[in-house]
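Letter by letter, the chains look like this.
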Amino acid sequence: MLQPRYLKPLFCIMIAAISWLAFTPKAPGLDIQHFDKINHLAAFSSLTLIALLAFSVPASRIYLGLLGYGITIELVQSQLPNRFASVADIAADGVGIILGAGLYWITEKWLMKKWQWLR
């Protein structure tokens with residue numbers, strides 16, 4: 001099980017990896033409908049969960065910060081060749097943040113109380 005001291009570096013590594021993927025030229029990927037939206041959903045739900053576990057700040061700051069990060073990604077992509085901005089991607093980021101908050105609630109309120117040894 002991850003110890004809390006590893007969560008902040010993990011969050012930073014995730015931000016770096018997601019930024020690299022977002023800003024590199026688009027590589028040929030799987031030809032699955034809505035695959036990009038699934039990637040946004042997975043990335044932002046994971047970021048939200050890890051951030052809520054790692055940082056002792058109000059959750060609203062994390063939500064707004066991650067949404068701002070998602071908007072920044074789209075603004076930068078609008079200036080890159082072979083990339084474009086998408087409001088649907090920002091919406092997928094928002095849904096991912098909500099999903100991550102739900103996963104945090106399950107983790108913190110239910111699992112951690114049920115299994116104290118996870119802390």
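The following paragraphs examine the structure supplied in this document. Everything numeric in this text was worked out from a predicted model, so none of it was measured.

We now examine the packing of helix α1 (residues 7-23) against helix α2 (residues 35-54). The N-to-C vectors of α1 and α2 enclose an angle of 155 degrees; their axes lie 9 Å apart at closest approach. Considered as vectors, α1 and α2 are oriented roughly antiparallel to each other. Judged by the twist between their axes, the crossing of α1 over α2 is left-handed. Taken together, the residues of α2 that come into contact with α1 (itself represented by L7, K8, L10, F11, M14, I15 and I18) are A43, S46, L47, I50, A51, L53 and A54. Here the residues of the contact of α1 with α2 are counted per class, giving twelve nonpolar, one polar and one charged.

Time to look at the side chain of R83. Within the secondary structure, R83 is located in the loop between α3 (59-77) and α4 (87-114). Of the polar contacts made by the side chain of R83, one reaches the backbone oxygen of A22; its length is 3.5 Å.

Right, let's get into the packing of α2 against α3. The contact between α2 and α3 brings their axes to 10 Å, and the two run at 145 degrees. Viewed along their axes, α2 and α3 form a crossing whose handedness is right-handed. Of the residues in α3, those touching α2 at H40, F44, L47, T48, A51 and L52 are A59, I62, Y63, L66, Y69, G70, I73 and E74. Its residues assigned to classes, the contact of α2 with α3 shows ten nonpolar, three polar and one charged.

What counts, and at which threshold
Residues numbered from 1 in each chain as written. Predicted model: local features only at pLDDT ≥ 70, side-chain atom pairs only at ≥ 80, totals over all residues. Heavy atoms only, no water. Axes fitted to C-alpha atoms, helices over the stretch in contact; angles between N-to-C directions. Helix = DSSP H or I, 4+ residues; strand = E, 2+ residues; numbered from the N terminus. Parallel < 35°, antiparallel > 145°, perpendicular 65-115°, else oblique. Left-handed = near helix turned anticlockwise from the far one by under 90°. Contact = heavy atoms within 4.5 Å. Nonpolar A, V, L, I, M, F, W, Y, C, P; charged D, E, K, R; others polar. Polar contact = N/O pair within 3.5 Å; in protein donor to acceptor, adjacent residues only side chain to side chain.

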